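A structural walkthrough
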Amino acid sequence: EKAKWPKETVELWERLSKKEANDVETVQKSIVHHVTTTLARAAYNMDNFSAYQAVALSTRDRLISRWNETQGQLSKADPKRVYYLSLEFLLGRSMDNALLNMGLKGTYGKGVEQLGFNMEDVIESEVDAALGNGGLGRLAACYMDSLATLDYPAWGYGLRYNYGIFQQRIVDGYQTEYPDYWLNFDNPWELPRLDISIQISFGGHVQSIQDEYGVTRHNWIPAQSVQAIAYDVPIPGYDTENCNNIRLWRSKPTKTFDLTSFNEGNYEKSVEDATNAEKITSVLYPNDNTMAGKELRLKQQYFWTAASLHDIVRRFKKSRREWSDFPDQVAIQLNDTHPTLAIVELQRLLVDEEMLSWDDAWEIVTKTFAFTNHTVLPEAMEKWSVPMFEYLLPRHLQIIFDINLFFLQKVEKKFPNDRGLLNRMSIIEEAQPQQIRMAHLAVVGSHKVNGVAALHSNLIKTTIFKDFVDYYGEDKFVNKTNGITPRRWLHQANPKLSKLISDTLGSDKWLKDLSLLKKLTTKIDNAEFRKSWMAIKRHNKVRLAELIKIRCNVEVSPDALFDVQVKRIHEYKRQFMNILAVIHRYRTIKSMTASQKASVQPRVVIFGGKAAPGYYIAKLVIKLINSVAAVVNQDPAVGDLLKVVFIPDYNVSVAEVIVPASDISQHISTAGTEASGTSNMKFVLNGGLIIGTMDGANIEILEEIGEENIFIFGCLAHEVEDLRHAQRYRGVPMDPALQGVISAIEKGVFEDPKIFQPLISTLTVGKDFYLISADFASYIAANQAVDTAYKNQEEWSKKSIRCTANMGKFSSDRSVKEYADDIWGIKSYPIVDEGHM
Ligand code: CGF
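Residues numbered from 1 in each chain as written. Predicted model: local features only at pLDDT ≥ 70, side-chain atom pairs only at ≥ 80, totals over all residues. Heavy atoms only, no water.

**Structural notes on the overall build of the protein chain**
When you go through the protein chain residue by residue, the secondary structure sums to 34 helices and 24 strands. Expected size for 837 residues packed as a compact globule is a radius of gyration near 28 Å; at 28 Å, the protein chain falls within 12% of this value. Relative to its 837 residues, the protein chain shows a buried fraction of 60%. Contacts spanning at least 24 positions in sequence make up 78% of the contacts within the protein chain whose residues lie at least 6 apart. (Helix = DSSP H or I, 4+ residues; strand = E, 2+ residues; numbered from the N terminus. Rg over C-alpha atoms; globule rule 2.2 N^0.38 Å. Buried < 20%, exposed > 50% of the residue type's maximum accessible area, 1.4 Å probe, protein only. Contact = heavy atoms within 4.5 Å.)

**Considerations on the packing of aromatic side chains**
As enumerated under the stated definition, the model contains 29 aromatic pairs in all. Note on Phe407 and Phe468: the rings are 6.0 Å apart at their centroids and 5 degrees apart in plane angle, and the pair reads as stacked. Taken together, the residues span a long stretch of sequence, with Phe407 in helix α15 (residues 394–414) and Phe468 in helix α19 (residues 466–472) at a distance of 61 residues. For Phe407, a relative accessible area of 6% corresponds to the buried category. The exposure class of Phe468 is buried, given its relative accessible area of 2%. Of the aromatic side chains, those joined through ring pairs into one cluster are Phe371, Phe407, Phe465, Phe468, Tyr471, Tyr472 and Phe477. (Phe/Tyr/Trp six-rings, centres within 6.5 Å; stacked < 30°, edge-to-face > 60°.)

**Describing the environment of Val55**
With respect to the helices and strands, the residue Val55 is situated in helix α3 (residues 48–77). Expressed as a C-alpha distance, the spacing of Val55 and Met119, which sit 64 residues apart in the sequence, is 9.8 Å. Excluding residues within four positions of it along the chain, Val55 makes contact with Ile31, Met95, Tyr108, Val112 and Val122.

**So, the domain arrangement of the protein chain**
According to the domain assignment, the protein chain contains domain 1 (1–77 + 94–127), domain 2 (78–93 + 128–481) and domain 3 (491–810). Each of domain 1 and domain 2 has a C-alpha centre, and these two points are 34 Å apart. Taken together, the contact pairs 29 residues of domain 1 with 30 residues of domain 2. For the interface between domain 1 and domain 2, the tally reads 2 salt bridges. Residue Lys19 pairs with Glu241 through a salt bridge whose shortest N-O separation is 3.4 Å. Across the contact surface, domain 1 and domain 2 share 18 residue pairs in polar contact (both at pLDDT 80 or more). Of all the secondary-structure elements, those providing two or more residues to the side of domain 1 that touches domain 2 are α3, α4 (95–102) and α6 (119–124). When the residues that make up the side of domain 1 that touches domain 2 are grouped by side-chain class, the tally is 15 nonpolar, 8 polar and 6 charged. (Domains from an automatic or database assignment. Salt bridge = Lys/Arg side-chain N within 4 Å of Asp/Glu carboxyl O. Polar contact = N/O pair within 3.5 Å; in protein donor to acceptor, adjacent residues only side chain to side chain. Nonpolar A, V, L, I, M, F, W, Y, C, P; charged D, E, K, R; others polar.)

**A closer look at the packing of helix α30 (residues 736–746) against helix α31 (residues 753–760)**
Contact pair α30 / α31: the axes reach a minimum separation of 9 Å and the direction vectors enclose 145 degrees. Seen from α30, the contacting residues are Ile742, Ile745 and Glu746; seen from α31, they are Pro753, Phe756, Gln757 and Ile760. Looking at the contact of α30 with α31, its residues break down into 5 nonpolar, 1 polar and 1 charged. (Axes fitted to C-alpha atoms, helices over the stretch in contact; angles between N-to-C directions.)

**Concerning the pattern of salt bridges**
Under the criterion given, the structure shown has 53 salt bridges. Note that Asp211 and Arg217 form a salt bridge whose closest N and O atoms lie 3.3 Å from each other. A salt bridge links Arg538 to Asp559; the shortest N-O distance between them is 2.9 Å. Here Arg538 is found in helix α22 (residues 527–552), whereas its partner Asp559 is found in the loop between α22 and β19 (561–566), with 21 residues between them in sequence. Owing to a relative accessible area of 35%, Arg538 belongs among the partly exposed residues under this scheme. Overlapping salt bridges bring together Arg193, Asp232, Arg247, Asp311, Arg314 and Arg315 as one network.

**Brief notes about the sheet that holds β19**
Overall, parallel pairing links the 6 strands, which are arranged β21-β20-β19-β22-β23-β24 in an open sheet. With one partner strand each, in any of the chains shown, β21 (642–647) and β24 (711–712) form the two edges of the open sheet. Bridging between strand β20 (residues 603–608) and β21 involves 6 bridges; their strand directions are parallel. Bridge pairing in β21 places Gly608 opposite Ile647. (Pairing = 2+ DSSP bridges.)

**A look at the site of the ligand**
Inspection of the region around the ligand gives 14 residues, with Leu136, Asp288, His374, Glu674 and Gly677 positioned closest. Between the ligand and the protein, one listed contact pairs an oxygen atom with a backbone N or O atom of Leu136 at 2.9 Å. Within the contact set of the ligand, an oxygen atom lies 3.3 Å away from a backbone nitrogen or oxygen of Ala675. Considering the ligand on its own, with 380 Å² of exposed area, one finds that the protein chains cover 96% of that surface. (Near = heavy atom within 4 Å. Areas by Shrake-Rupley, 256 points an atom, 1.4 Å probe, with all protein chains shown as cover.)

**Digging into the side chain of Thr481**
Along the chain, Thr481 falls in the loop between β18 (477–479) and α20 (486–492). The contact partners of Thr481, leaving out residues within four places of it in the chain, are Tyr143, Val452, Ala453, Ala454, Glu700, Phe810, Arg814 and Ser815.

**A look at the pairing of strand β10 (residues 224–236)**
Across the 13 residues that make up β10, a large majority, 12, are buried. Judged from the 9 bridges that link them, strand β7 (residues 191–202) and β10 form a sheet pairing that is antiparallel. Across the sheet, the residue bridging to Arg193 is Ala230, located in β10. In this antiparallel pair of consecutive strands, β10 and strand β11 (residues 243–253), the connection spans 6 residues, and Asp239 shows a positive phi of 60 degrees.

**Considering helix α9 (residues 267–279)**
The end-to-end C-alpha distance of α9 is 19 Å, a good match for the 18 Å that 13 residues give at a rise of 1.5 Å each. Within α9 the residues assigned to the buried category are Ser270, Asp273, Ala274 and Ala277. One face of α9 carries all of its buried residues, which in axial projection span an arc of 100 degrees. (Expected span 1.5 Å × (residues − 1). Arc of directions from axis to C-beta.)

**Describing a nonpolar patch on the surface**
A surface patch of nonpolar side chains, about 240 Å² in accessible area, is lined by Tyr163, Tyr181 and Val283. You can see Tyr163 is positioned in the loop between β4 (154–159) and β5 (167–171). Taking the relative accessible area as the measure of exposure, Tyr163 reaches 30% and is therefore partly exposed. (Patch = residues over 30% accessible without salt bridge, like charges linked within 9 Å, V, L, I, M, F, W, Y side chains within 5 Å.)

**Description of the nonpolar core**
In terms of nonpolar packing, the biggest core is built from 233 residues, with Ile200, Trp249, Leu544, Leu580 and Trp824 touching the most fellow members. Mapping this core onto the domain boundaries places at least three of its residues in each of domain 2 (78–93 + 128–481) and domain 3 (491–810). Formed by 25 residues, the second largest nonpolar core is a distinct cluster that contains Trp67, Met95, Met102 and Val122. (Core = buried A, V, L, I, M, F, W, Y, C linked by side-chain atoms within 4.5 Å.)

**A few points about the sheet that holds strand β17 (residues 448–451)**
What the 9 strands build is an open sheet, ordered β7-β10-β11-β4-β1-β12-β13-β17-β18; its pairing is mixed. Looking at the sheet topology across the chains shown, the edges are occupied by β7 and β18. Adjacent strand axes in the sheet meet at a mean angle of 25 degrees, parallel and antiparallel pairs treated alike. Its contacts with the sheet place helix α13 (residues 358–368) against β12 (330–335) and β13 (369–372), and it is angled at close to 40 degrees to β13.

**Here we look at the side chain of His456**
Looking at the element boundaries, His456 is found in helix α18 (residues 454–462). Those residues in contact with His456, other than ones at most four positions away along the chain, are Asn373, His374, Thr375, Val376, Gly451 and Ala675.

**What to know about unusual backbone geometry**
Backbone phi values are negative for most residues with the exception of glycine, while trans is the configuration of most peptide bonds. A cis amide bond links Gln432 to the next residue, Pro433, at an omega of -5 degrees. Looking at the secondary structure, you find Pro433 in the loop between β15 (428–429) and β16 (435–437). Despite not being glycine, Arg574 has its phi angle at roughly 60 degrees, a positive value. We note that Asp649 has phi near 55 degrees; this positive angle belongs to a residue other than glycine. Along the chain, Asp649 falls in the loop between β21 and α26 (652–658).

**Brief notes about the state of the cysteines**
For the coordinates displayed, the defined rule picks out 0 disulfides. The thiol sulfur of Cys243 is not disulfide-bonded, and the nearest other cysteine sulfur, from Cys142, lies at 17 Å. (Disulfide = S-S within 2.5 Å.)

**As for the packing of helix α32 (residues 772–791) against helix α33 (residues 793–805)**
Packing of α32 against α33 leaves a shortest axis separation of 5 Å and a crossing angle of 105 degrees. Considering the angle they form, α32 stands roughly perpendicular to α33. In contact with Val786, Ala789, Tyr790 and Lys791 of α32, α33 contributes Gln793, Trp796 and Lys799. Classifying every residue of the contact of α32 with α33 by side-chain character gives 4 nonpolar, 1 polar and 2 charged. (Parallel < 35°, antiparallel > 145°, perpendicular 65-115°, else oblique.)

Right under this line is the structure:
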């Protein structure tokens, strides 16, 4: 276009589109400009929230400059890109992160303070973007940070929910849920692209006709359409010009559809259709590791995958390459089975719309997709009922049946006469009604399948995907151990520790190469260093104690051992076992003489996490924690020796306060149930020790930090089935200490025991699926070992430093690089600062 313009016009544009400078005064000017124009407020009449809005808008301007440069340069160079499809992106707050990553925190801090505001208060005014449930969504956010930092050409695709994960309040000890309307005051961290609108269809029927060559063509005549509107969220890398994009889709009614109804005089129907269309992206399903099976959820999944694929294909088509080049330009990662429909949609586009042969299309599809599995829990396996699916997506159902038929024919050829095998491997489960197994579809349509920690990746090969390993061979199944971004989880969340590390190592290079932390081990024997290290931990504990006072109205001493379990509430994560052990501790303290009490290590047991609203047993665990807290915290016989708190509404920004403040944290899932866990990595990176089972990434953390720096207990994954069997058929009695605890609950020490009966009955002999009784004695012993170790503060500080020093492996930079090299085949493309806005 530029070529057509006169030279002077081009020069004028060039001159006027130069980037703003990043000195304090220019930054202040841009803040004041936004206050007075965008916010239309008088310059002196401001509260913290409007200050936040103005600073956010000014930060956003700088983000957009980088975003424009990145996307412009990538469009020109057109390298292979990866598209990360995730139904959840748990980003949390953006401002602090964006300023730190762009290297502007200092400048903005100074500018804001001079304008009369405290930067920390301004940062605190931001609400979390909570478009995720837990680990899976936060993993996606960490990966986006690493992709941008490592200059990989990458886009995320997700949904822009109007309501994120619900807000949790505790009423009479029970969890109650409130809507999280996070968009109340607009979201400065997104760029609405109202011009990018894609029509997405549902329902209707399929017309099959023979074309002029005698080939049967399938024509989907949908019954209903909605629009997908793009909202772009810039993701700046750390210490690089690169700024990637997450494109989130919002559903809106299509104008044409409305008009037809309206013109037919059916005004009410057109309004109803409009609200139904808006509903698709209205709310995030609040389930983690459980499958909802709801029609609206399936609609969300199709809406999102179809819009994303349309966008990806449109971008590919601009390059006018051959279709066979598609997998050389495009890698698509399926974050769990939620986006598996993308496989079917791409096959449909290629066969029905682009007229490729089935086999050519299928080759392209299977070279393009790769699939991450996050769980082996049966209740989390996504299945869709065939009748419901057919009603919403009739053509896609035909394609799935065809994919399945051709796949099973090949299996049959390789392993003849094994009907049991065909039944087990089929994408269609022969139930009443039939079900579509999304995990099988994802495996069949992908070239690589990965688990998220070494143990988990091995488990999927021997359990849920065993037959597929026999069929495809080992190479298709790989491990990519999860990681976390050190920028958010240390540099941003624990600024004092970050500074100490940088000062000690002589630079902040470790933020991009976490293995450099190893050098901290040379400081372990330096008493001064250890003192500074522990002073920072104490500072962080004071900060957490303040939050606990505000949120729970409980005073806790920062000198006590802070023991934390914060994560989704789930039976397999065994918060129940934790609170039962707390009761045991309480009873033990109560039975002590004064002199015995003098040697007890004071402990504050901190819980946090949300339960899925329909998960009755998990909600009862929250109630039990709060009932125990109410009794223990008031008991003068215990005093400061034990305090119990449940911090309501755990989210990313609360985690940023909790993680740096823990002495010990609990990662105590029944072996073989937690695929990886990522909070374990966050705690250890911040010098917190962990108590855990041989499960998920705990095992690899142990390997890195050494067994003397971690408190391991409980049965091993390969023992679980035998233990369950023994319990069920040989009536193994309940652990005696546990028996004592249960009797106390049943006697009504903590409220009316009837309330907790359903919870207690999950422990009856033969039913204790998560093996709380089997692991109880070793759990109590591990907790005692923690107390003993903590008493020796010098030794503890050494362990703490060793923990941080050895966490290099768990940077999400390492994970993402492994994905890029082994799965996606993409290369870094550094962006050059051309000085443009
Ligand atoms: O994914 C999880 C998490 N709950 O979201 N799974 N899912 N689904 C696993 O349970 C975690 O163990 C894992 O760390 C996380 C991210 O892979």
